[in-house]
Amino acid sequence: MSRHGDADLRAGKAPSQRQLRVGEELRHALADILRRADFRDPDLHDLNVTVSEVRISPDLKNATAFVMPLGGGHPEQIKALNRVSAYLRSQVAKAMRLQHVPRLSFQVDVSFDYAQRIDQLLHRPDVQRDLDHDHGDGDAEGRADEGAERHDGP
């Protein structure tokens, strides 16, 4: 099954309902664990992150948690989270009822930066001008006006 699951991911196949459900449950469990955890690792001292998404493999054996450190990017925290992933996995096993708890890996969530970049691009003056032009002078309106002129004749 693993072989087909990997092919599904590469083909861009949407995650199954089970993957989405388990991923969301993992997200909640990890957020709770990270909120209350007291880590010995100095890189995780005063850890404050948001777990925005957890993507799980089709065979449910691997999970990637996308986290965003609050207060700016701290790459050492992501490395430290990956170092303590076995401990976090054991904590998830206690918090959730799963037959097999997936291996955890952590990555910085860049979707917020991406959304902000798109927003900045859409608000540039040249893009705004193009958007206003498209909405104000549509071809359909022009054709409707031309047709109205023809019908108004004597």
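Everything numeric here is computed off the predicted structure, so don't read it as measured data.

So, about the environment of Gln107. Its place among the elements puts Gln107 in strand S3 (residues 103-108). For Gln107, a relative accessible area of 40% translates into the label partly exposed. It is 8.7 Å that separates the C-alpha atoms of Gln107 and Asn82, two residues lying 25 residues apart in sequence. With sequence-adjacent residues up to four places away left out, Gln107 is seen in contact with Thr64, Ala65, Phe66, Val67 and Ile78.

Further remarks concern helix H2 (residues 17-36). With 20 residues, H2 should cover 28 Å at 1.5 Å per step; its first-to-last C-alpha distance of 29 Å lies within 8% of that length. All buried positions along H2 are accounted for by Gln19, Val22, Gly23, Leu26, Arg27, Ala29, Leu30, Ile33 and Leu34. Elements in contact with the buried residues of H2: strand S1 (49-56), strand S2 (62-69), helix H3 (75-83), helix H4 (85-95) and S3.

Bringing the pattern of salt bridges into the picture now. Overall, the coordinates contain seven salt bridges when judged by the stated rule. The partner of Asp32 in a salt bridge is Arg36, and the shortest N-O contact between them spans 3.4 Å. Here Asp32 pairs with Arg36, and both are found in helix H2, just four residues apart, close to one helical turn. Overall, Asp32 belongs to the partly exposed group, its relative accessible area being 28%. Note on Arg36: relative accessible area 52%, which makes it exposed. Members of the salt-bridge network, linked through shared partners, are Asp32, Arg35 and Arg36.

Between two packed helices, what matters for the description is the angle formed by their axes and the separation of those axes. Between H2 and H4, whose axes approach to 10 Å, the crossing angle comes to 115 degrees. On the basis of the axis angle, H2 is roughly perpendicular to H4. Where H2 crosses over H4, the two elements pack in a sense that is right-handed. Residue-level inspection shows Leu26, Ala29, Leu30, Ile33 and Leu34 of H2 in contact with H4, the latter providing Leu88, Gln91, Val92 and Ala95. For the contact of H2 with H4, the per-class residue count stands at eight nonpolar, one polar and no charged.

Here we take up the sheet that holds S3. Strand order across the open sheet formed by three strands is S1-S2-S3, with mixed pairing between neighbours. Every interior strand has two partners, whereas the edge strands, S1 and S3, have only one. Strand after strand, the sheet turns through a mean of 30 degrees between neighbouring axes, direction not considered. Note: S1 against S2, seven bridges, orientation antiparallel. In the sheet register, Val49 faces S2, and the bridge partner there is Pro69. Strands in contact with H3 are S1, S2 and S3; relative to S3, the strand with the most contacts, it is inclined by about 175 degrees.

Bringing the pairing of S2 into the picture now. The element S2 is extensively covered by neighbouring structure, given that seven of its eight residues are classed as buried. Between S1 and S2, which follow one another and run antiparallel, lie five residues, and Leu60 among them has a positive phi close to 60 degrees. Two elements, S2 and S3, share six bridges in a ladder whose sense is parallel. Of the residues in S3, the one forming a bridge with Phe66 is Gln107.

The subject of this paragraph is the confidence of the model for the chain. Averaged over all residues, the pLDDT of the chain equals 78, while 75% of them reach at least 70. Note that pLDDT drops below 50 for residues 1-9; the model gives that stretch five contacts with residues more than four away or on any other chain. Here residues 140-154 is a poorly scored stretch, pLDDT under 50, and it has two contacts once near neighbours within four places are set aside; other chains count.

Reading guide: rules and limits
Residues numbered from 1 in each chain as written. Predicted model: local features only at pLDDT ≥ 70, side-chain atom pairs only at ≥ 80, totals over all residues. Heavy atoms only, no water. Helix = DSSP H or I, 4+ residues; strand = E, 2+ residues; numbered from the N terminus. Buried < 20%, exposed > 50% of the residue type's maximum accessible area, 1.4 Å probe, protein only. Contact = heavy atoms within 4.5 Å. Expected span 1.5 Å × (residues − 1). Salt bridge = Lys/Arg side-chain N within 4 Å of Asp/Glu carboxyl O. Axes fitted to C-alpha atoms, helices over the stretch in contact; angles between N-to-C directions. Parallel < 35°, antiparallel > 145°, perpendicular 65-115°, else oblique. Left-handed = near helix turned anticlockwise from the far one by under 90°. Nonpolar A, V, L, I, M, F, W, Y, C, P; charged D, E, K, R; others polar. Pairing = 2+ DSSP bridges. pLDDT = per-residue confidence, 0-100.

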